[in-house]
Amino acid sequence: MKANRPYIPVTITAKGQAALAGGHPWVYEGEVTGVGGAVTDGDLVDVIGPKGAYLGTGFYNSHSRIRVRVLSRNANDKFDEAFWRRRIQYAWDYRKTVMGAADSRCCRIIFGEADQFPGLTVDRFESVLVAQVLSLGMERLKPMLFRLLAEVLRSDGQEIAGVYERNDVAIRTLEGMEQSKGWYPLPGEAVPDFTSVDITENDIVYTVDFENGQKTGFFLDQKYNRRAVAKIAAGHTVLDCFTHTGSFALNAARGGAKHVTAVDVSEYAVACARENARRNGLDGVMDCVCANVFDLLPKLAEEPAKYDFIILDPPAFTKSRKTTDSAMRGYKEINYRAMKLLPRGGYLATCSCSHFATEELFVKMLRSAARDAGVQLRQIEARQQCADHPILWGVEETNYLKFFIFQVV
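Residues numbered from 1 in each chain as written. Predicted model: local features only at pLDDT ≥ 70, side-chain atom pairs only at ≥ 80, totals over all residues. Heavy atoms only, no water.

**Concerning the overall build of the protein chain**
Along the backbone of the protein chain there are ten helices and 20 strands. On C-alpha atoms alone, the protein chain measures out to a radius of gyration of 23 Å, which is about the 22 Å that the 2.2 N^0.38 rule sets for 409 residues. For the protein chain, the spread of C-alpha atoms along the three principal axes comes to 75 × 50 × 35 Å. Counting across all 409 residues of the protein chain, residues that qualify as buried make up 54%. Restricting to contacts in the protein chain with at least 6 residues of sequence separation, those with at least 24 account for 64%. Here the protein chain displays about 18000 Å² of accessible surface, and carbon together with sulfur accounts for 51% of that area. Taken as two groups, the 50 positive and 50 negative side-chain charges of the protein chain have centres that lie 5 Å from each other. (Helix = DSSP H or I, 4+ residues; strand = E, 2+ residues; numbered from the N terminus. Rg over C-alpha atoms; globule rule 2.2 N^0.38 Å. Buried < 20%, exposed > 50% of the residue type's maximum accessible area, 1.4 Å probe, protein only. Contact = heavy atoms within 4.5 Å. Areas by Shrake-Rupley, 256 points an atom, 1.4 Å probe, with all protein chains shown as cover. Lys, Arg positive; Asp, Glu negative; His and termini not counted. Charge placed at Lys NZ, Arg CZ, Asp CG, Glu CD.)

What follows is the structure in structure tokens.
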């Protein structure tokens, strides 16, 4: 079969073939045993097994440790505009189905490998599409892909003002690409002159600064987890740690909390949270504090107990396997402190957004923290990321968010 294929063959090891057979779409540099011709980085290549079997087609990049990112295993696929339009339509139809009309106005439309767009993320914030392009193959295709994204959504009656790129991330350097951010000019269209947009999530209004906010400007993956917190917040005094722009705190306040304290180490984040509370009419029950959570929790232990619901939504403490052990110590520290602070009958919402901190490790950490704190946990819910960030089985990187709600008994 490989002799009739249109792309340069890249032969890989039996180990690499086994990984592909298990569903993972990456071929690492150490798994490549031969390249059957001159290949330009970003080109499509055919991946061939050690015995000559066709395994898939993907983007090649000699700069990257991920040497090939497989995007199709169908030998009959033609990677033309019609192919990519179908993929985009498929991704959009999925979001409409699992999110519904209202929630799909602000959601992740393209989630990289989970949607078979290796290295591409696209979030929708009302009329704005915010994209991160993290692979060279996607970079070369983005003029077509961005145009098709706008066309597919507009054909479904969606108002799309434009596509903003947040390519100011270091991982692009590893792929041999420059960092940048700004509006991508769609053909024949004026470039928008704004860099923030108002969104509504769970009946709460936010201003998303997609030019300067973290990642694409707002964390959409916790939408339904925030809703779960709001459901049990009524009458409670809540401490929201690592609040960022206040989303969990705002949901708790909207859910009827007696009082909410939102804490973040960033002055900018605290200012945003304070403004979000004001504009939603929740500033009367919510105050925002700039503090390091690792310093604050021990100090609170020296005071009379005043919180009966604590939310821990930290940033990823590890982005590599090498630092997983130290990250788990950090997770244990904040969870142990929170468990010690809570009265019997109090509630704890806790999570990790690092896929290296696996569910097995996270649960093990929680058990250890509870044992050391001398409490028992009654599980209310175990949740994951929102369905617009789908988990593709066989691709562990897509399964990253662990979220638990407990009562301390």
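From this point, the narrative continues.
**Things to note about the environment of H259**
Note that H259 resides in strand β15 (residues 259-264). Counting along the chain gives 23 residues from H259 to L282, while the straight-line C-alpha distance between them is 9.8 Å. Excluding residues that lie within four positions of it along the chain, H259 makes contacts with H236, T237, V238, V285, M286 and D287. For H259, the side chain forms a polar contact with the side chain of D287, separated by 2.4 Å. (Polar contact = N/O pair within 3.5 Å; in protein donor to acceptor, adjacent residues only side chain to side chain.)

**Section: the nonpolar core**
Core analysis: the largest hydrophobic core is formed by 43 residues, its most contacted members being F125, I199, F210, V229, V260, M286 and F309. Counting 34 residues, the second largest nonpolar core, distinct from the first, contains F79, L141, L153 and C386. (Core = buried A, V, L, I, M, F, W, Y, C linked by side-chain atoms within 4.5 Å.)

**A closer look at the environment of V133**
Inspection of the secondary structure assignment puts V133 in strand β9 (residues 128-133). Residues within four places of V133 in sequence aside, it is in contact with G119, L120, M138, E139, K142, F146, E165, N167, R172 and M177.

**Observations concerning the sheet that holds strand β3 (residues 32-35)**
Pairing between the strands of a sheet comes from backbone hydrogen bonds, and it takes one of two forms, parallel or antiparallel. The strand order across the open sheet built from six strands is β2-β6-β5-β4-β1-β3, with neighbouring strands paired in mixed fashion. Pairing within the sheet leaves two strands with one partner each, and these edge strands are β2 (26-28) and β3. The sheet shows a mean angle of 35 degrees between the axes of neighbouring strands, taken without regard to direction. Here strand β1 (residues 8-12) pairs with β3 via three bridges, running antiparallel. For I12, the partnering residue across the bridge sits in β3 and is V32. On the sheet, helix α1 (residues 14-21) packs against β1, β2, β4 (44-48), β5 (54-60) and β6 (66-72) and is oriented at approximately 100 degrees with respect to β1. (Pairing = 2+ DSSP bridges. Axes fitted to C-alpha atoms, helices over the stretch in contact; angles between N-to-C directions.)

**Quick word on the packing of aromatic side chains**
If you walk through the whole model with that rule in mind, you get 22 aromatic pairs. Arranged with centres 5.5 Å apart and planes meeting at 80 degrees, the rings of W183 and F210 form a pair that is edge-to-face. With W183 in strand β11 (residues 180-184) and F210 in the loop between β13 (204-209) and α5 (223-232), this residue pair connects regions lying 27 residues apart in the sequence. Since its relative accessible area comes to 0%, F210 is described here as buried. Where F248 meets F403, the ring centres are 5.8 Å apart and the plane angle is 5 degrees; that geometry is what we call stacked. Placement of the pair is F248 in helix α6 (residues 247-254) and F403 in strand β20 (residues 402-408), with a sequence separation of 155 residues. Accessibility classification places F248 together with F403 in one group, the buried group. One cation-aromatic arrangement involves R226 over F248; the distance from NZ or CZ to the ring centre is 5.9 Å. (Phe/Tyr/Trp six-rings, centres within 6.5 Å; stacked < 30°, edge-to-face > 60°. Lys NZ or Arg CZ within 6 Å of the ring centre and 35° of its normal.)

**Focus: empty space enclosed by the protein**
Overall, the coordinates contain three cavities of 30 Å³ or more when judged by the stated rule. Approximately 60 Å³ is the volume attributed to the largest cavity. The wall of the largest cavity is formed by L300, E303, P304, A305, K306, Y307 and L341. The residue inventory of the lining of the largest cavity, partitioned by class, reads five nonpolar, no polar and two charged. Estimates place the volume of the second largest cavity at around 40 Å³. Lining the second largest cavity we find A161, G162, V163, Y184, P185, L186, E189, A190, V191 and P192. Residues belonging to the lining of the second largest cavity are distributed by class as follows: eight nonpolar, one polar and one charged. (1 Å grid on protein atoms, 1.4 Å probe; cavity = no way out; pocket = protein on both sides within 12 Å on 5 of 7 lines; lining within 4 Å. Points joined across faces, edges and corners; volume = space filled by probe spheres on them. Nonpolar A, V, L, I, M, F, W, Y, C, P; charged D, E, K, R; others polar.)

**Things to note about the layout of surface pockets**
Space inside the second largest pocket adds up to approximately 260 Å³. What lines the second largest pocket is a set of 17 residues, among which T207, D209, T245, Y268 and C272 lie closest to the centre. Residue assignment for the lining of the second largest pocket shows that the elements contributing at least two residues are β13 and α7 (267-279). The leading source of residues in the lining of the second largest pocket is α7, at six residues. Of the residues that constitute the lining of the second largest pocket, the class distribution is five nonpolar, nine polar and three charged.

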